[in-house]
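The lines below spell out each chain.
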Amino acid sequence: MSKVSHKAKKLIVVGNGMAGMHAVEELLDLAPDLYEITVFGAEPHGNYNRILLSLVLSGEKKIEDIMINGRAWYDEHGITLHTDTKIVQIERGSKRVITDDGQAFEYDRLLLATGSDPVILPLPGHDLPGVIGFRDIHDVDTMIKATQDHKHAVVIGGGLLGLEAANGLMKQGMDVTVVHLMDTLMERQLDVTAGKMLQANLESRGLKFVLSAQSETILGTDRVTGLRLADGTEIPADILVMAVGIRPSTELAADCRLHFERGIVVDDSLLTFDPSIYAIGECAQHRGTAYGLVAPLFEQGRVVANHLAELGFITYKGSMTSTKLKVTGIDLFSAGDFIGDDTTEDIVFNDPGNGSYKKLVLKDGIIQGAVLYGDTVDGAWYFQLMRDQTDTKDIRSHLLFGQSHLGDSGHGGENAAAALPDDAEICGCNGVCKGDVVKAITEHNLFTLDEVRAHTKASSSCGSCTGLVEQIMASTLGSDFSKSEKEKPVCGCTALTHEDVRAAIIKEDLKDIPTTMRFLNWQTEDGCPTCRPALNYYLLCAWPGEYIDDAQARFINERAHGNIQKDGTYSVVPRMWGGITTPKELRAIADVADKFKIPTVKVTGGQRIDLFGVAKSDLPAVWKDLNDAGMVSGHAYGKSLRTVKTCAGQQWCRFGTQDSIKLGIALERMTWGSWTPHKYKIAVSGCPRNCAEATIKDFGVVAVDSGFELHIAGNGGIKVRVTDLLCKVESESEVMEYAGAFMQLYREQARYLDRTAPWVERVGLTYVQEQMVNDEANRKALYERFLHSQTFSQSDPWKENYSDPKKRAEFETLTTLGQS
Amino acid sequence: MSNWIEIGHLNDIPRQGSRIVEGPDGNIAVIRTQDDSVFAIHDSCPHKQGPLSQGIVFGHKVACPLHNWAIDLGTGQAQAPDEGNVACYPTKIENDVVFLSLDKVGEKTGP
Ligand code: SRM
Ligand SMILES: Cc1cc2nc3c(=O)[nH]c(=O)nc-3n(C[C@H](O)[C@H](O)[C@H](O)COP(=O)(O)OP(=O)(O)OC[C@H]3O[C@@H](n4cnc5c(N)ncnc54)[C@H](O)[C@@H]3O)c2cc1C
Ligand code: SF4
Ligand code: FES
C-alpha cells in the first residue's frame, strides 16, 4: 500500500547504506507521515548488509541473501529512491542537493550517511586494473570474477577486513599472500600473543604472510602482475586488494564548507554545524571518534530518528565497540583498551596447547578491555561488565574462568558458540538449534536479540541461553550488537531506561500509569505487556499507600492470585508460615480438595501444598474455605515474597544452634504481601549443615553458635548462584532489620524482572555492603521505609477478591448464550 | 443481517480487561480496550489454546497469557512473526449496552 503524500516536509538522505536506512526505519516507526523522504545512493542496489560481503566472497552467501530492503520496501513506505545517483554538491543557502547528472532537489532536513571509502595507497601502479578495495558489491564481484581465471592474490593489510578478504579469496581457490606493515596481525584488536596465535591458525589453513613489510611498487602494465616490497621481494599477484584502512567520506562536507575533521563533526543529537543537516554512520565524527563498525550506527540511527521526528528527548553519548573476525572456525573477541598503561593491571590466562588465551585489562576493578582467543564464550559477559562499569573486585578470583564458573548450570565453558555444530540445541525451552539461529540472522538480517527472539523463539522463554544466542549473533555478524543493560529502553514503547523512568516518577511526582506515559512521551497509547507491569510496580514502590494498583497492568497470575496452568485452570497455594502447618489446616485443605474435586495435591519445593487444576470460577469459593480455616494467599504467583523455608533447628535437631523455625516464621510475617521486582525467597537454617538451602535464596540466614550469617543474592533456578555473604550479626532483631533493609534496597533499586542475583552481580556486593552494612543510618532508613510500605500491603488478596463484588466479577462469566 | 444479542453493560467489562461469554462453540472473550472499543474473539489462542481473555490488553491487541503471542483484536490475526488466526465476532455498543453477534468472522488457523 503506497501512502498518498501530503507530508509537509522534505527529508533527503544521501547514502543508501546501513546507517542511512536504519535511521529511516527508525524514523518511520516514530513519525511515518512527517516527511516526504528521498534517498540517493551511488550504488546501483537497494539497501544491503555490507558486513556480510565477507561471507559472499568466501562463497558462504549469495548477494540475494544479504539484501535488507529491496525496491518494494521503498515503494511501500512512499520513499523515493534514486540508485546509481551520486550527490556531488550541497547548496546550503538554498537547501538543495545536486546530483551527478545535474538535477537539483530541495530539502528541509538533510541526512548525510555517506559511509567511508577504502584508503588506496598511492603506490606506483595503484590505478592498474586488478587493484581494488573491499567495500561494496562491485568490489566483491570483481574479486570473484578474478578467481575464475587467475591464481595469485595479494592482500595489503592484515587487519580485520584484510584477513576476511584473504580468507574469502583462499576459499575461492586462490593462492593468497597477506602483506602487513606491522609485525602482528590485527594489532588494533589483538595483543601480540593473540595475534601470533591467529597467524599460526591462518597459516595452517594455507594463507601466507609477509609481516613488517613495506609495499613499494605495484607491478604490471595492462593489469596488475605483482607487488614489490621495499626489500626487493616480488610477490606475484593477478589481483591486489588494498585493505589498509578506511577514510570517512567527507568530500560533500568539504565542498560546502560544513565543519569536518576526520569525519563530519556532529553533536550529541547527530546534528552537524548546519542546523538543517544531520550526519550518521562512518562519515560522522562524534566526540572525536569516527566509528568503523555497525553497532554504533544503530544507536545513532535511533537518536537521529528521535530528533528528526521532532521529539528530541534522547541523546547519543558514544558507543563502546567489540569485534570478532568472521572467519569460520576462528574464535576471537576483542573490546576496549586491551593494551593498558601504568594505571591498569592485566589478568591473563594462556594455554597455548589448548589454543586458548584470555586477557583482561582492569582499572580499579573495572574492565577496560578484553582479548579472547580460542574460548570466547565469555566475551559477551565481559563486554557487559565493561559497559556497565561493574566493579569486579568481588568476583576477581574467578573472573577469568568466566560466567559459567559463577554457577551457570545451563552450559559449561566448553560450548564455544562458534564451534558448535548447526544441529546443537541452543534453546532447551523451544527446541531451537544453532543452525536455525544463524539462518534467521542472515536471512532476515537481524541485528538485535529481540529480533532473534521474535523470529526463532530462542531465548524467549526462560532466557538461560541468552548469552549463547548473543554469541552466535556476534560470531555471525562480526561484532556485538547487544545493548548495554544500562542503555536498554524498558521496551519498544519508549526510549527511556528503567532507571530514567524510576527517577522521573519520583522527581516529577508522577502518580499513575497514564500520566507517567504522557509525561514521558510514550510512543504507544497505553503501553504493552512489558512496560505496563513495570510501571505499575515502580509506582507502587514509589508511592506506598497512595498509588492505586492497576489490575489490568498485571500479568494474569497476579490478577487472578493463582498460577495459570496450560489448560487454563489455576493452582492454589495457601501460605504455611515457615513451612509449619497443623492438622486443622491439613484437614481444611483435604476438605477443599474433595469439595471442589481438585485433581492434584502436591507438596511443593517451597515447603507447602499446591492444589492444581482449579477452575477460575471456583477460585473465590476455594479461597473462602481456606480463609475460614485461617489460611491466606501464599503469593506463589507473584513478583513478591514467596516462601520462607526453614529447617528443624534448635527446637528439635541435635545440631541446631538457633531457633530457625521461630525466626523463619517471624521473617515471613514481616515480609509477606510485599511486591518486589521479581519473586523473592528466604530461608533460615539452624546450623551450617544448611538443610533449608539458605545459600541459594535471595536472602538466606545460616545460624551459627555465635549468631547469624546473612547471605544474599542466591538463585536456585535457571542459573544456579550461590549467595554472597553479606555480614554476620548476633541477634534475631538484627536479622529482622537487615532482612527488611535488604529487601527495600532491592525493591527501590533493581529493575523490574531482575532477581536479586543478577542485580547484585551488576552493582557488586561491595555496593550493597556500603549501603546497608557500613552505613547504619541508611540501613535503618531502608528498614523504616520497608515497614511503612508493608502497612499497606499486608491484607489477604484472596479475601479482598471474594468479598469485593467488583473484584469478584473477574472470576464470573458475563453471560451464557444458548444454542443459536 | 446480524442477529444482535445483548450481553451486558459496558461497565461490566473493565477497561483494558475482559469478560467471558459462554457461547455455543466455546467461550468468547469480550475485551474492552483503553479507548472503550469492545471486541469479541474466540477465547482460544491459535498457538496452544491459551485463554486470550486472561491476557494483558494493549492498544487493540491482547497478549496471550501462556506464551505471549500478540493477537490483533480487530482481525484475530497473530502478530508477525507468529502465524495463526482466531475467529472474531462483531460487536456494537448502544447507550453503553454491549451487543454481540454470533456470525463469526474468520476461522481459527494455527501451526
Ligand atoms: C510449585 C513449584 C514446583 C513444585 O511443585 O515444587 C514451582 C512451580 C513453578 N515455578 Fe518454580 N516452583 C516451585 C519452586 C521453585 C524453586 C525451589 C524453591 O523455591 O526452593 C525454584 C528454584 C529456586 C529459586 O527460585 O531460585 C524455582 C524456580 C523457578 C524459576 C526460575 C527462577 C530463576 O530465577 O531462575 C521459574 C521461572 C520464573 O520465575 O521466571 C519458576 C516458575 C515456576 C512456575 C510459576 C512456572 C510458571 O510461570 O507458570 C511454576 C508454577 C506452577 C504452579 O502453577 O504452581 N520457578 N521454583 C514450587 C513452588 C514453591 C512454592 O511453594 O511457592
Ligand atoms: C567487507 C566488510 C566487512 C565488514 N564487517 C564488519 C563486521 O563484521 N562488523 C562490523 O561491525 N562492521 C563491519 N564492517 C563495517 C560496516 O559495514 C560499516 O561500518 C557500515 O556499513 C557503515 O555504514 P554506513 O551507512 O555509514 O556506510 P555504508 O554502508 O558504506 O553506506 C554508505 C553508502 O553511501 C553511498 N554514498 C557515498 N557517498 C555518496 C554520495 N555522494 N551520493 C550518494 N551515495 C553516496 C555509498 O555508495 C554507500 O552505499 C564491514 C565492512 C566491510 C566493507
Ligand atoms: S514447575 Fe518449574 S521446573 Fe517444572 S515445568 Fe514448571 S517451570 Fe519447569
Ligand atoms: S497458547 Fe497463546 S501463546 Fe501459546
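The following paragraphs examine the structure supplied in this document.

How each quantity is defined
Residues numbered from 1 in each chain as written. Chains lettered and ligands numbered in written order. Predicted model: local features only at pLDDT ≥ 70, side-chain atom pairs only at ≥ 80, totals over all residues. Heavy atoms only, no water. Axes fitted to C-alpha atoms, helices over the stretch in contact; angles between N-to-C directions. Helix = DSSP H or I, 4+ residues; strand = E, 2+ residues; numbered from the N terminus. Parallel < 35°, antiparallel > 145°, perpendicular 65-115°, else oblique. Contact = heavy atoms within 4.5 Å. Pairing = 2+ DSSP bridges. Expected span 1.5 Å × (residues − 1). Buried < 20%, exposed > 50% of the residue type's maximum accessible area, 1.4 Å probe, protein only. Near = heavy atom within 4 Å. Polar contact = N/O pair within 3.5 Å; in protein donor to acceptor, adjacent residues only side chain to side chain. Nonpolar A, V, L, I, M, F, W, Y, C, P; charged D, E, K, R; others polar.

### A word on the packing of helix α21 (residues 732-749) of chain A against helix α24 (residues 776-793) of chain A
Residue and element names in this part refer to chain A. Here α21 crosses α24 at 80°, and the two axes come no closer than 8 Å. The angle between α21 and α24 places the two elements in the roughly perpendicular class. Taking contact as the criterion, the partners of Met736, Glu737, Tyr738, Gly740, Ala741, Met743, Gln744, Leu745, Arg747 and Glu748 in α21 are, on α24, Arg779, Lys780, Leu782, Tyr783, Arg785, Phe786 and Ser789.

### Topic: the sheet that holds strand β25 (residues 345-351) of chain A
All names here are of chain A. Sheet architecture is open: five strands sit in the order β23-β24-β27-β26-β25, paired in antiparallel fashion. Because the sheet does not close on itself, it has two edges, and the strands there are β23 (322-324) and β25. Across the sheet, the axes of successive neighbouring strands diverge by a mean angle of 15°, strand direction being ignored. Strand contacts of helix α6 (residues 192-204): β24 (332-336), β25, β26 (356-363) and β27 (366-373), with the helix running at about 20° to β27, the strand carrying the most contacts. Lying over the sheet, helix α9 (residues 379-387) contacts β23, β24, β26 and β27, oriented at roughly 165° with respect to β27.

### Focus on the sheet that holds strand β38 (residues 724-729) of chain A
Residues and elements named next belong to chain A. The five strands are arranged β34-β35-β36-β37-β38 in an open sheet whose pairing can be described as mixed. If you trace the sheet from one side to the other, it starts and ends with β34 (641-646) and β38, each paired once. On average, each strand axis in the sheet is tilted by 15° relative to the strand beside it, whichever way the strands run. Bridge count between strand β36 (residues 699-704) and strand β37 (residues 707-712): six bridges; the pairing is antiparallel. Its bridge partner being in β37, valine 704 is matched across the sheet by glycine 707.

### Some details on helix α20 (residues 660-671) of chain A
Residue and element names in this part refer to chain A. Taking 1.5 Å of rise per residue, the 12 residues of α20 would be expected to cover 16 Å, and the 16 Å separating its terminal C-alpha atoms lies within 8% of that figure. Among the residues of α20, those classed as buried are Ser660, Ile661, Leu663, Gly664, Leu667, Glu668, Met670 and Thr671. The secondary structure elements touched by the buried residues of α20 are β34, β35 (680-685), β36, β37, α21 and α24.

### Notes on the site of ligand 1
Residue and element names in this part refer to chain A. Around ligand 1, 22 residues are found, and the nearest of them are Gln565, Gly605, Lys679, Gly716 and Arg755. Lysine 679 is positioned with one of its side-chain polar atoms (N or O) 2.6 Å from an oxygen atom of ligand 1. At 2.7 Å from an oxygen atom of ligand 1 is found a side-chain nitrogen or oxygen belonging to arginine 755. When residues of the shell around ligand 1 are traced back to their parent elements, those giving at least two are β33 (609-614) and β34. Residues that form the shell around ligand 1 fall into these classes: three nonpolar, 11 polar and eight charged.

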